[in-house]
Amino acid sequence: MDYKKAGVDIEAGYRSVELIKKYVKETARPEVLGGLGGFSGAFSLSSIKNMEKPTLVSGTDGVGTKLKLAFLMDKHDTVGIDCVAMCVNDIACAGGEPLFFLDYIACGKNYPEKIAAIVKGVADGCKQAGAALIGGETAEMPGFYPEEEYDLAGFAVGVVDEKDLITGEGIKPGDALVGIASSGVHSNGFSLVRKIFDMTKEGLSTYYEELGATLGEALLAPTRIYVGALKGVKEAGVTIKGCSHITGGGFYENIPRMLPEGICACVDKDSYPVPAIFRLMKEKGNLEEKMMYNTYNMGIGMVLAVDPSQVQEALAALERAGERAYVIGETKAGEKGVALC
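Just so it is clear, the structure is predicted and the values come from calculations on it, not from any experiment. (Residues numbered from 1 in each chain as written. Predicted model: local features only at pLDDT ≥ 70, side-chain atom pairs only at ≥ 80, totals over all residues. Heavy atoms only, no water.)

A.B. asks: Would you mind going over unusual backbone geometry with me for this structure?
C.D. replies: For residues other than glycine, phi is negative in most cases, and the peptide bonds are mostly trans. Its identity is not glycine, yet Asp74 carries a phi of approximately 50 degrees, on the positive side. Summarising the element assignment, Asp74 is placed in the loop between α2 (67-73) and α3 (79-93). A relative accessible area of 55% means that Asp74 is categorised as exposed. Residues other than glycine seldom take positive phi values, yet Asn286 does so here, at roughly 50 degrees. (Helix = DSSP H or I, 4+ residues; strand = E, 2+ residues; numbered from the N terminus. Buried < 20%, exposed > 50% of the residue type's maximum accessible area, 1.4 Å probe, protein only.)

Shown next, in the form of structure tokens:
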């Protein structure tokens, strides 16, 4: 008996590391010290010494059951983007700049090429966010995960000067709500998605005219990363009073997280086009409208609260960043929460 016969292939682990080195290298920032393979990742903080009060902000998350679609489609090169997005978008919500990222992959069997594809996606996400991939872990766990399956999670650290933290404290009645378009379902609500549709290769390969893609392609579209977009808004001189990343819990749970007491967000649901994938899900699943807005992003991945006088500057900055953005409502005096108007 040896470790390999017990289900853990050390040589496959070495092979995985060799395959991912080139992707990790592509994410390097000047602050990264050392290379891949150490017991920890080192990152110099010399670049933040000019901040008045440098403040670390962090985020951790996973991809969830969206991974089940990747297994069925045998497509593993985009879920890493989802993993990074779920972490760095939360950091951006606080006004932070993501500095570095670490990933964790747990699998039933280490297939080096599959691990490399996953990490390539992580590296792609890190490059979009401007974060360095400075470490990670691949845990081969036979008997715990099926051989063809894995889980993926990540952790990111960013920095912001304390005076630039986005807290929502300055939001007042009459402020504008600017919504930035999502790329689709992102990485939330897939336990329900998997009940709505036929989760087979054939079902996911079905082409839908209204989607302009197969069902699997539409659902597996990676989560949009908004780090660059929010940086562009800030550089345009716009003060972001509040920021909400629309993840699990949809509008009803996430928008109130940026609101102070005594402020209600009134969202005009007809102010922007709801993507076809959500209309299809509602129809196929016979879902109530409130459940949709309480589960999914409904086409809006990020919501910003800005002064009405700065709306046009914000929209112009987002357009320059390659984003589609809309004025989707305003804040009003009232009980803290969200109302669809």
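Let us keep going from here.
A.B. asks: Which parts of the structure should I look at to understand the state of the cysteines?
C.D. replies: Structurally, a disulfide amounts to a covalent bond that connects the sulfur atoms of two cysteines. Counted under the stated rule, the structure contains one disulfide. Paired through a disulfide, Cys266 and Cys341 show a sulfur-sulfur distance of 1.6 Å. On the S-S bond that ties Cys266 to Cys341, the torsion sits near -140 degrees, and the link is left-handed. Of this pair, Cys266 sits in strand β11 (residues 263-267) while Cys341 sits in the segment after β14 (337-340), and the two are 75 residues apart along the sequence. Unpaired in terms of disulfides, Cys93 finds its nearest cysteine sulfur in Cys243, a separation of 3.5 Å. No disulfide involves Cys264; its sulfur sits 6.6 Å from the nearest other cysteine sulfur, which is in Cys266. We classify Cys264 as buried; its relative accessible area is 16%. (Disulfide = S-S within 2.5 Å.)

A.B. asks: How should the nonpolar core be read in this particular structure?
C.D. replies: The nonpolar side chains of a soluble globular protein tend to be buried with one another. Within the largest apolar cluster, 57 residues are counted, with the highest numbers of intra-cluster contacts made by Phe101, Tyr150 and Leu304. Here the element with the most residues in this core is α3; it accounts for ten residues. The residues touching Leu304, leaving out its near neighbours within four places in the chain, are Ala176, Leu177, Val178, Ile180, Leu230, Val233, Ile240, Gly242 and Cys243. Listed in part, the 43 residues of the second largest apolar core include Phe197, Val267, Val303 and Ile328. (Core = buried A, V, L, I, M, F, W, Y, C linked by side-chain atoms within 4.5 Å. Contact = heavy atoms within 4.5 Å.)

A.B. asks: Looking at this model, I keep getting lost on helix α1 (residues 10-26). Mind explaining?
C.D. replies: Each α-helix winds once per 3.6 residues, and so residues spaced three or four apart point in a common direction. Here α1 contains 17 residues, and its C-alpha end-to-end distance of 26 Å stays within 8% of the 24 Å for a straight helix at 1.5 Å per residue. Along α1, the sharpest kink reaches roughly 40 degrees, centred on Ile20. Of all the residues in α1, the buried ones are Ala12, Ser16, Leu19, Ile20, Tyr23 and Val24. (Expected span 1.5 Å × (residues − 1). Bend = angle between axes of the 7 residues up to and from the residue.)

A.B. asks: Explain the pattern of salt bridges here, please?
C.D. replies: Between side chains of opposite charge, a pair can form when the charged atoms approach closely. The full count for this structure, using the stated rule, is 18 salt bridges. Of the charged contacts in the structure, one is a salt bridge between Lys68 and Glu149, with a shortest N-O distance of 3.4 Å. Here the residue Lys68 occupies a position in helix α2, and Glu149 occupies one in the loop between β5 (132-140) and β6 (150-161), the gap between them amounting to 81 residues. Taking the relative accessible area as the measure of exposure, Lys68 reaches 33% and is therefore partly exposed. In this structure, Lys269 engages Glu289 in a salt bridge whose closest nitrogen and oxygen atoms are separated by 2.9 Å. Taken together, the residues span a long stretch of sequence, with Lys269 in the loop between β11 and α10 (276-285) and Glu289 in helix α11 (residues 289-293) at a distance of 20 residues. Residue class for Lys269 comes out partly exposed when judged on its relative accessible area of 27%. Among the ionic contacts, a cluster of salt bridges with common partners joins Glu26, Lys120, Asp124 and Lys127. (Salt bridge = Lys/Arg side-chain N within 4 Å of Asp/Glu carboxyl O.)

A.B. asks: How do you make sense of the sheet that holds strand β13 (residues 325-333) when you look at a structure like this?
C.D. replies: Sheets are built from strands that pair by backbone hydrogen bonding, the pairs being arranged parallel or antiparallel. The six strands lie next to each other as β10-β12-β7-β13-β11-β14, forming an open sheet whose pairing is mixed. What marks the edges here is a single partner per strand, and that holds for β10 (242-245) and β14. Averaged over all neighbouring strand pairs, the angle between strand axes comes to 25 degrees, with direction disregarded. Strand direction decides the pairing type here: β11 and β14, joined by four bridges, are parallel. For Val267, the partnering residue across the bridge sits in β14 and is Leu340. Contacts from α3 reach β10 and β12 (300-306) within the one sheet, and its direction differs from that of β10 by about 170 degrees. Of the strands in this sheet, β7 (176-181), β12 and β13 are in contact with helix α12 (residues 311-320), which crosses β13 at around 145 degrees. (Pairing = 2+ DSSP bridges. Axes fitted to C-alpha atoms, helices over the stretch in contact; angles between N-to-C directions.)

A.B. asks: Would you take a moment to explain the environment of Met86 for this structure?
C.D. replies: By the element assignment, Met86 lies in helix α3. Look at Met86 and you get buried, because its relative accessible area is 2%. Along the chain, Met86 and His245 lie 159 residues apart, while their C-alpha atoms are 8.9 Å from each other. Once residues lying within four places of it in the same chain are set aside, the contact partners of Met86 are Asp61, Gly62, Ser187, Asn188, Thr223, His245 and Thr247.

Distances and angles like these do not, on their own, reveal function.
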